[in-house]
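# Understanding the architecture of this molecule
One-letter residues, chain by chain:
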Amino acid sequence: MSPRENPFGQVLVALVTPFTADGEVDWPGVEQHIDDCITAGADGIVVTGTTGETSTLTDPEKLRLVEVGKSVAAGRAKIITGGGSNETAHAIHLYKQSERAGADGVMIVTPYYNKPTQSGVLTHFRMIADATDLPVILYDIPGRTGIPITYDTILRASKHPNILAVKDAKGDFAEVSRVLNNTDLMYFSGDDTNVLPHLSIGATGLIGVTANITSTPYRTIVDAVNRGDLATATAEHKRVEPLVRAVMTHVPGTVAAKYILHGLGRIGSPRVRLPLVGPEDSEAYAIETSLEAVRDVPGADFSNFRPDRNAAAGGALPKVPGTTR
(Lines give C-alpha, C1' and ligand atoms only; values in the text may rest on other atoms or scores of the structure.)
Protein backbone atom coordinates (compact mmCIF):
# COMPACT_ATOMS: atom_id res chain seq x y z
CA MET A 1 0.00 0.00 0.00
CA SER A 2 1.19 3.54 -0.68
CA PRO A 3 2.29 5.48 2.43
CA ARG A 4 0.13 8.37 3.57
CA GLU A 5 1.41 11.68 4.88
CA ASN A 6 1.38 11.63 8.69
CA PRO A 7 -0.70 14.55 10.06
CA PHE A 8 -0.40 13.47 13.70
CA GLY A 9 3.29 13.32 14.63
CA GLN A 10 5.16 10.29 15.93
CA VAL A 11 5.80 10.92 19.62
CA LEU A 12 2.37 11.72 21.03
CA VAL A 13 1.70 12.29 24.73
CA ALA A 14 -1.59 11.04 26.18
CA LEU A 15 -1.78 14.17 28.29
CA VAL A 16 -2.88 14.20 31.93
CA THR A 17 -5.12 17.13 32.82
CA PRO A 18 -3.59 18.93 35.82
CA PHE A 19 -6.16 19.80 38.49
CA THR A 20 -6.07 22.04 41.52
CA ALA A 21 -6.41 20.47 44.97
CA ASP A 22 -10.20 20.93 44.80
CA GLY A 23 -10.48 19.16 41.45
CA GLU A 24 -10.80 22.10 39.06
CA VAL A 25 -8.66 22.31 35.92
CA ASP A 26 -5.38 24.07 36.66
CA TRP A 27 -5.14 26.07 33.44
CA PRO A 28 -1.67 27.57 34.06
CA GLY A 29 -0.55 24.06 34.98
CA VAL A 30 -1.99 22.71 31.73
CA GLU A 31 -0.06 25.30 29.73
CA GLN A 32 3.20 24.55 31.52
CA HIS A 33 2.80 20.79 31.21
CA ILE A 34 2.07 20.92 27.48
CA ASP A 35 5.11 23.13 26.95
CA ASP A 36 7.28 20.75 29.01
CA CYS A 37 6.17 17.74 26.94
CA ILE A 38 6.85 19.47 23.62
CA THR A 39 10.22 20.81 24.78
CA ALA A 40 11.21 17.27 25.79
CA GLY A 41 10.55 15.91 22.29
CA ALA A 42 6.83 15.34 21.72
CA ASP A 43 5.43 16.35 18.33
CA GLY A 44 1.84 15.49 19.17
CA ILE A 45 -0.38 16.04 22.21
CA VAL A 46 -3.61 14.10 22.79
CA VAL A 47 -5.85 16.11 25.08
CA THR A 48 -9.09 14.84 26.66
CA GLY A 49 -8.16 11.18 26.21
CA THR A 50 -8.49 8.44 28.81
CA THR A 51 -5.34 9.65 30.57
CA GLY A 52 -6.75 13.19 30.50
CA GLU A 53 -9.80 11.96 32.46
CA THR A 54 -12.18 12.63 29.59
CA SER A 55 -15.05 10.84 31.35
CA THR A 56 -15.12 13.47 34.09
CA LEU A 57 -14.34 16.56 32.01
CA THR A 58 -17.18 18.82 30.92
CA ASP A 59 -17.57 19.58 27.23
CA PRO A 60 -16.50 23.23 27.76
CA GLU A 61 -13.36 21.99 29.53
CA LYS A 62 -12.60 19.64 26.64
CA LEU A 63 -12.91 22.41 24.08
CA ARG A 64 -10.81 24.80 26.12
CA LEU A 65 -8.10 22.15 26.37
CA VAL A 66 -7.95 22.09 22.58
CA GLU A 67 -7.71 25.86 22.45
CA VAL A 68 -5.03 26.04 25.13
CA GLY A 69 -3.10 23.22 23.47
CA LYS A 70 -3.10 25.01 20.13
CA SER A 71 -1.97 28.25 21.74
CA VAL A 72 0.89 26.65 23.67
CA ALA A 73 2.02 24.38 20.83
CA ALA A 74 2.19 27.31 18.43
CA GLY A 75 2.91 24.98 15.53
CA ARG A 76 5.51 22.89 17.38
CA ALA A 77 3.19 19.90 17.85
CA LYS A 78 -0.17 18.64 16.63
CA ILE A 79 -3.13 18.82 19.01
CA ILE A 80 -5.39 15.77 18.83
CA THR A 81 -8.65 15.59 20.73
CA GLY A 82 -9.45 12.20 22.21
CA GLY A 83 -12.29 10.71 24.18
CA GLY A 84 -15.44 11.02 22.15
CA SER A 85 -18.60 9.40 23.47
CA ASN A 86 -20.55 6.15 23.39
CA GLU A 87 -23.44 8.22 22.03
CA THR A 88 -22.78 8.82 18.33
CA ALA A 89 -24.73 12.09 18.19
CA HIS A 90 -22.84 13.51 21.16
CA ALA A 91 -19.50 12.43 19.69
CA ILE A 92 -20.31 14.11 16.37
CA HIS A 93 -21.28 17.33 18.16
CA LEU A 94 -18.13 17.30 20.29
CA TYR A 95 -15.77 16.63 17.39
CA LYS A 96 -17.37 19.34 15.25
CA GLN A 97 -16.82 21.80 18.07
CA SER A 98 -13.26 20.54 18.52
CA GLU A 99 -12.56 21.17 14.85
CA ARG A 100 -13.81 24.73 15.23
CA ALA A 101 -11.64 25.10 18.33
CA GLY A 102 -8.57 24.29 16.22
CA ALA A 103 -7.89 20.58 16.74
CA ASP A 104 -5.50 19.03 14.22
CA GLY A 105 -7.08 15.58 14.46
CA VAL A 106 -9.51 13.43 16.41
CA MET A 107 -9.13 10.08 18.15
CA ILE A 108 -12.35 8.07 18.35
CA VAL A 109 -12.60 5.39 21.01
CA THR A 110 -14.68 2.28 20.35
CA PRO A 111 -18.20 2.82 21.74
CA TYR A 112 -18.12 1.54 25.31
CA TYR A 113 -20.82 0.14 27.62
CA ASN A 114 -23.45 -0.19 24.86
CA LYS A 115 -21.62 -3.25 23.43
CA PRO A 116 -22.74 -2.66 19.83
CA THR A 117 -22.20 -5.18 17.06
CA GLN A 118 -19.28 -4.58 14.71
CA SER A 119 -21.78 -3.09 12.27
CA GLY A 120 -22.70 -0.54 14.93
CA VAL A 121 -19.04 0.16 15.67
CA LEU A 122 -18.33 0.75 11.99
CA THR A 123 -21.36 3.01 11.58
CA HIS A 124 -20.27 5.02 14.64
CA PHE A 125 -16.81 5.55 13.15
CA ARG A 126 -18.07 6.37 9.68
CA MET A 127 -20.66 8.89 10.81
CA ILE A 128 -18.14 10.75 12.96
CA ALA A 129 -15.57 10.71 10.16
CA ASP A 130 -18.22 12.01 7.77
CA ALA A 131 -18.97 14.90 10.11
CA THR A 132 -15.46 16.35 10.25
CA ASP A 133 -12.69 17.14 7.80
CA LEU A 134 -10.07 16.30 10.43
CA PRO A 135 -7.89 13.18 10.16
CA VAL A 136 -9.10 10.37 12.40
CA ILE A 137 -7.35 7.86 14.65
CA LEU A 138 -9.44 4.88 15.78
CA TYR A 139 -8.71 3.80 19.36
CA ASP A 140 -8.83 0.02 19.86
CA ILE A 141 -8.79 -0.75 23.60
CA PRO A 142 -11.11 -3.66 24.42
CA GLY A 143 -9.91 -3.80 28.02
CA ARG A 144 -11.73 -0.51 28.64
CA THR A 145 -14.55 -0.59 26.07
CA GLY A 146 -15.59 -4.23 26.40
CA ILE A 147 -15.27 -4.97 22.67
CA PRO A 148 -12.44 -4.97 20.13
CA ILE A 149 -12.39 -3.47 16.69
CA THR A 150 -12.13 -6.64 14.62
CA TYR A 151 -9.82 -7.00 11.63
CA ASP A 152 -12.74 -6.91 9.17
CA THR A 153 -14.08 -3.71 10.76
CA ILE A 154 -10.65 -2.06 10.61
CA LEU A 155 -10.33 -3.11 6.98
CA ARG A 156 -13.72 -1.62 6.09
CA ALA A 157 -13.08 1.55 8.11
CA SER A 158 -9.78 2.06 6.31
CA LYS A 159 -11.69 2.80 3.10
CA HIS A 160 -12.96 6.07 4.59
CA PRO A 161 -10.78 8.95 3.37
CA ASN A 162 -10.64 10.60 6.81
CA ILE A 163 -9.75 7.48 8.81
CA LEU A 164 -5.97 7.34 8.66
CA ALA A 165 -4.74 5.53 11.76
CA VAL A 166 -5.33 3.15 14.66
CA LYS A 167 -4.13 3.48 18.23
CA ASP A 168 -3.58 -0.11 19.32
CA ALA A 169 -3.94 -1.15 22.96
CA LYS A 170 -4.99 -4.68 22.07
CA GLY A 171 -1.52 -6.18 21.77
CA ASP A 172 -2.35 -8.50 18.86
CA PHE A 173 0.83 -8.07 16.83
CA ALA A 174 -0.22 -10.59 14.19
CA GLU A 175 -3.32 -8.51 13.49
CA VAL A 176 -1.28 -5.29 13.38
CA SER A 177 1.00 -6.84 10.76
CA ARG A 178 -1.98 -8.08 8.79
CA VAL A 179 -3.60 -4.62 8.77
CA LEU A 180 -0.34 -2.94 7.80
CA ASN A 181 0.04 -5.43 4.94
CA ASN A 182 -3.48 -4.88 3.61
CA THR A 183 -4.21 -1.19 4.21
CA ASP A 184 -2.30 2.07 4.27
CA LEU A 185 -3.41 2.85 7.82
CA MET A 186 -0.84 4.15 10.28
CA TYR A 187 -0.52 2.43 13.66
CA PHE A 188 0.28 4.05 16.99
CA SER A 189 1.28 1.99 19.99
CA GLY A 190 -1.21 2.53 22.78
CA ASP A 191 0.58 0.38 25.33
CA ASP A 192 3.75 1.86 26.83
CA THR A 193 5.36 -1.56 27.29
CA ASN A 194 4.93 -2.36 23.59
CA VAL A 195 6.23 0.80 21.94
CA LEU A 196 9.40 -0.70 20.50
CA PRO A 197 7.76 -4.01 19.46
CA HIS A 198 5.06 -2.04 17.63
CA LEU A 199 7.61 0.19 15.92
CA SER A 200 9.71 -2.82 14.93
CA ILE A 201 6.86 -4.26 12.84
CA GLY A 202 6.02 -1.00 11.12
CA ALA A 203 4.03 1.20 13.49
CA THR A 204 4.30 4.95 12.91
CA GLY A 205 4.68 6.07 16.51
CA LEU A 206 3.17 6.01 19.97
CA ILE A 207 0.54 7.68 22.12
CA GLY A 208 2.03 7.25 25.57
CA VAL A 209 1.21 7.86 29.22
CA THR A 210 4.78 7.57 30.49
CA ALA A 211 5.71 10.31 28.01
CA ASN A 212 4.03 12.72 30.45
CA ILE A 213 7.04 12.20 32.71
CA THR A 214 9.50 12.48 29.84
CA SER A 215 8.99 12.20 26.11
CA THR A 216 12.74 12.37 25.43
CA PRO A 217 13.40 8.58 25.50
CA TYR A 218 10.54 8.04 23.07
CA ARG A 219 11.95 10.67 20.74
CA THR A 220 15.23 8.75 20.85
CA ILE A 221 13.53 5.40 20.20
CA VAL A 222 11.43 6.70 17.30
CA ASP A 223 14.33 8.55 15.68
CA ALA A 224 16.55 5.49 16.02
CA VAL A 225 13.93 3.22 14.41
CA ASN A 226 13.46 5.76 11.62
CA ARG A 227 17.14 5.50 10.71
CA GLY A 228 17.29 1.72 11.17
CA ASP A 229 19.35 1.81 14.37
CA LEU A 230 17.71 -0.98 16.34
CA ALA A 231 20.59 -1.20 18.84
CA THR A 232 20.08 2.38 20.04
CA ALA A 233 16.30 1.94 20.14
CA THR A 234 16.63 -1.27 22.16
CA ALA A 235 19.04 0.27 24.65
CA GLU A 236 16.68 3.19 25.26
CA HIS A 237 13.72 0.80 25.52
CA LYS A 238 15.52 -1.10 28.27
CA ARG A 239 16.53 2.09 30.06
CA VAL A 240 12.97 3.46 30.24
CA GLU A 241 11.37 0.13 31.26
CA PRO A 242 11.45 0.74 35.06
CA LEU A 243 9.76 4.10 34.56
CA VAL A 244 7.07 2.46 32.42
CA ARG A 245 6.57 -0.11 35.17
CA ALA A 246 6.19 2.62 37.79
CA VAL A 247 3.58 4.46 35.74
CA MET A 248 1.59 1.60 34.25
CA THR A 249 1.43 -1.38 36.62
CA HIS A 250 0.38 -0.38 40.14
CA VAL A 251 -2.58 1.99 39.68
CA PRO A 252 -4.28 3.56 36.64
CA GLY A 253 -1.70 5.38 34.54
CA THR A 254 -3.38 8.75 35.10
CA VAL A 255 -3.09 8.36 38.88
CA ALA A 256 0.55 7.26 38.80
CA ALA A 257 1.59 9.91 36.29
CA LYS A 258 0.06 12.70 38.37
CA TYR A 259 1.59 11.31 41.57
CA ILE A 260 5.03 11.25 39.95
CA LEU A 261 4.71 14.64 38.23
CA HIS A 262 3.65 16.25 41.51
CA GLY A 263 6.55 14.62 43.34
CA LEU A 264 8.88 16.10 40.75
CA GLY A 265 7.36 19.56 41.23
CA ARG A 266 6.05 19.60 37.67
CA ILE A 267 2.34 20.01 38.50
CA GLY A 268 0.77 21.76 41.47
CA SER A 269 -1.43 18.89 42.68
CA PRO A 270 -1.72 15.13 42.10
CA ARG A 271 -5.52 15.35 42.37
CA VAL A 272 -7.74 13.19 40.17
CA ARG A 273 -11.53 13.29 39.81
CA LEU A 274 -13.78 10.62 41.25
CA PRO A 275 -14.30 7.77 40.75
CA LEU A 276 -10.49 7.77 40.34
CA VAL A 277 -8.63 8.20 43.61
CA GLY A 278 -4.99 8.72 44.45
CA PRO A 279 -2.80 5.77 45.36
CA GLU A 280 -3.27 4.08 48.71
CA ASP A 281 -0.19 3.83 50.88
CA SER A 282 0.81 0.39 49.61
CA GLU A 283 0.30 1.47 46.01
CA ALA A 284 2.33 4.64 46.51
CA TYR A 285 5.10 2.53 48.02
CA ALA A 286 5.05 0.23 44.97
CA ILE A 287 5.34 3.22 42.62
CA GLU A 288 8.22 4.68 44.62
CA THR A 289 9.99 1.31 44.74
CA SER A 290 9.74 0.94 40.96
CA LEU A 291 11.17 4.44 40.53
CA GLU A 292 14.26 3.46 42.51
CA ALA A 293 15.30 1.35 39.51
CA VAL A 294 15.16 4.31 37.08
CA ARG A 295 18.69 5.19 36.00
CA ASP A 296 19.95 7.72 33.46
CA VAL A 297 16.61 8.28 31.73
CA PRO A 298 16.77 11.65 29.97
CA GLY A 299 14.28 14.08 31.44
CA ALA A 300 13.55 11.88 34.48
CA ASP A 301 15.80 13.08 37.32
CA PHE A 302 14.47 11.69 40.59
CA SER A 303 17.23 13.03 42.82
CA ASN A 304 14.81 15.63 44.23
CA PHE A 305 11.67 13.50 44.03
CA ARG A 306 9.34 14.43 46.90
CA PRO A 307 6.09 12.46 46.69
CA ASP A 308 3.17 13.61 48.85
CA ARG A 309 0.87 10.73 49.69
CA ASN A 310 -1.50 12.95 51.68
CA ALA A 311 -1.99 15.38 48.81
CA ALA A 312 -2.72 12.47 46.47
CA ALA A 313 -5.21 10.73 48.73
CA GLY A 314 -8.83 10.46 47.67
CA GLY A 315 -10.46 12.09 44.67
CA ALA A 316 -12.43 15.21 43.86
CA LEU A 317 -15.74 16.19 42.31
CA PRO A 318 -15.93 19.11 39.87
CA LYS A 319 -17.97 22.14 40.90
CA VAL A 320 -20.70 21.14 38.45
CA PRO A 321 -21.22 17.46 39.32
CA GLY A 322 -23.64 15.04 37.75
CA THR A 323 -22.95 15.60 34.07
CA THR A 324 -19.94 15.94 31.80
CA ARG A 325 -21.79 17.95 29.18
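Position labels on residues start from 1 in each chain and follow its written sequence. Local features in this predicted model are restricted to residues of pLDDT 70 or higher, and side-chain atom pairs are both shown and tallied only at a pLDDT of 80 or more, whereas totals for entire chains, interfaces and linings draw on every residue. Remark: hydrogens and water are excluded; side-chain values derive from all non-hydrogen atoms of the structure.

### Considering the UniProt feature "active site" (unreviewed entry) in the chain
This is how it is decided: UniProt positions are given in the numbering used here, feature names are shortened, and annotations may be inferred rather than shown by experiment. Secondary structure follows DSSP: runs of H or I at least 4 residues long count as helices, runs of E at least 2 residues long count as strands, and numbering of each begins at the N terminus. Contacts were defined at the residue level, with two residues in contact if any of their heavy atoms lie within 4.5 Å. Three exposure classes are used, based on accessible area relative to the maximum for each residue type with a 1.4 Å probe and protein chains only: buried under 20%, partly exposed in between, and exposed over 50%.
Under the UniProt annotation, "active site" (unreviewed entry) lies at Tyr139 and Lys167. The largest pairwise C-alpha distance within this set of annotated residues, which runs over 29 residues, is 4.7 Å, so the set is compact in three dimensions. Examined against the element boundaries, tyrosine 139 turns out to sit in strand β5 (residues 136–140). Once you skip the residues sitting within four places of it in the chain, tyrosine 139 turns out to touch Thr50, Met107, Ile108, Val109, Thr110, Ile149, Lys167 and Ala169. By the element assignment, lysine 167 lies in strand β6 (residues 163–168). The class of lysine 167 is buried, set by a relative accessible area of 5%. Lysine 167 has contacts with Met107, Ile137, Leu138, Tyr139, Asp140, Phe188, Gly190 and Ile207, leaving out every residue within four places of it along the chain.

### Describing the pairing of β5
Test applied: Strands were regarded as paired on the criterion that DSSP finds at least two bridges between them. Call a crossover right-handed when, viewed with both strands pointing away from you, the route from the first strand across the helix to the second goes clockwise.
Judged by how many residues are buried, β5 sits mostly within the fold: five of five residues are covered. Judged by which residues are buried, β5 turns out to be covered on both faces: Val136, Leu138 and Asp140 on one side and Ile137 and Tyr139 on the other are all buried. Judged from the four bridges that link them, strand β4 (residues 105–109) and β5 form a sheet pairing that is parallel. Looking at β5, one finds that valine 106 is bridged to valine 136. Taken together, β4, helix α4 (residues 118–131) and β5 constitute a β-α-β crossover, and its handedness is right-handed. One ladder, built from five bridges, connects β5 with β6; its direction is parallel. What sits directly across from isoleucine 137, in β6, is alanine 165.

### Digging into the packing of helix α11 (residues 253–263) against helix α12 (residues 281–291)
So the rule is basically this: To obtain an axis, a line is fitted to C-alpha atoms, over the contacting stretch when the element is a helix, and the angle between two such axes runs from 0 to 180 degrees between their N-to-C directions. Here the angle decides the label: under 35 degrees means roughly parallel, over 145 means roughly antiparallel, 65 to 115 means roughly perpendicular, and every other value means oblique. Here a crossing is taken to be left-handed if its near helix is turned anticlockwise relative to the far helix by less than a right angle, and right-handed if that turn runs clockwise.
The N-to-C vectors of α11 and α12 enclose an angle of 65°; their axes lie 11 Å apart at closest approach. With respect to α12, the axis of α11 lies roughly perpendicular. Judged by the twist between their axes, the crossing of α11 over α12 is right-handed. On the side of α11, the interface is formed by Ala256, Tyr259 and Ile260, while α12 contributes Ala284, Ile287, Glu288 and Leu291.

### Quick look at the packing of aromatic side chains
Each aromatic ring pair is characterised by the separation of its centres together with the angle its planes make. What counts is decided by this rule: Any two of the Phe, Tyr and Trp rings considered here, Trp counted by its six-membered ring, make a pair once their centres fall within 6.5 Å; the pair's planes then place it as stacked at under 30 degrees, edge-to-face at over 60, or tilted in between.
Throughout the structure, instances matching the rule amount to two aromatic pairs. Relative to phenylalanine 188, the ring of phenylalanine 8 has its centre 6.0 Å away and its plane inclined at 85°; by these criteria the two rings are edge-to-face. Here the residue phenylalanine 8 occupies a position in the segment before β1 (11–14), and phenylalanine 188 occupies one in strand β7 (residues 186–189), the gap between them amounting to 180 residues. Across the pair, phenylalanine 188 and phenylalanine 8 agree in class, each one buried.

### Section: the environment of valine 240
Position of valine 240 relative to the elements: it lies in helix α10 (residues 230–248). When its relative accessible area of 4% is taken as the criterion, valine 240 is described as buried. For valine 240 and valine 297, which are 57 residues apart along the polypeptide, the C-alpha to C-alpha distance reads 6.2 Å. Ignoring any residue separated from it by four or fewer positions in sequence, one finds valine 240 in contact with Pro217, Tyr218 and Val297.

### Brief notes about the side chain of threonine 132
To keep things clear, this is the line we draw: Under this definition, polar contacts are N or O atom pairs within 3.5 Å; protein pairs additionally need one hydrogen-donor-capable and one acceptor-capable atom, and for neighbouring residues in sequence, both atoms have to be side-chain atoms.
Here threonine 132 lies in the loop between α4 and β5. Overall, threonine 132 belongs to the buried group, its relative accessible area being 2%. Here leucine 134 takes part through its backbone nitrogen, which lies 3.0 Å from a polar atom of the side chain of threonine 132. Not counting residues up to four positions away in its chain, the partners in contact with threonine 132 are Glu99 and Asn162.

### Concerning the sheet that holds strand β8 (residues 205–208)
Pairing within the closed barrel is parallel, and its eight strands lie in the order β1-β2-β3-β4-β5-β6-β7-β8. Direction aside, the axes of adjacent strands within the sheet are offset by 25° on average. Alignment of strand β2 (residues 44–47) against strand β3 (residues 78–81), held across four bridges, turns out to be parallel. Among the inter-strand pairings, valine 47 is bridged to a residue of β3, identified as threonine 81. Of the strands in this sheet, β2 and β3 are in contact with helix α2 (residues 59–73), which crosses β3 at around 170°. The strands that α4 touches are β4, β5 and β6; relative to β4, the one it contacts most, it runs at about 160°.

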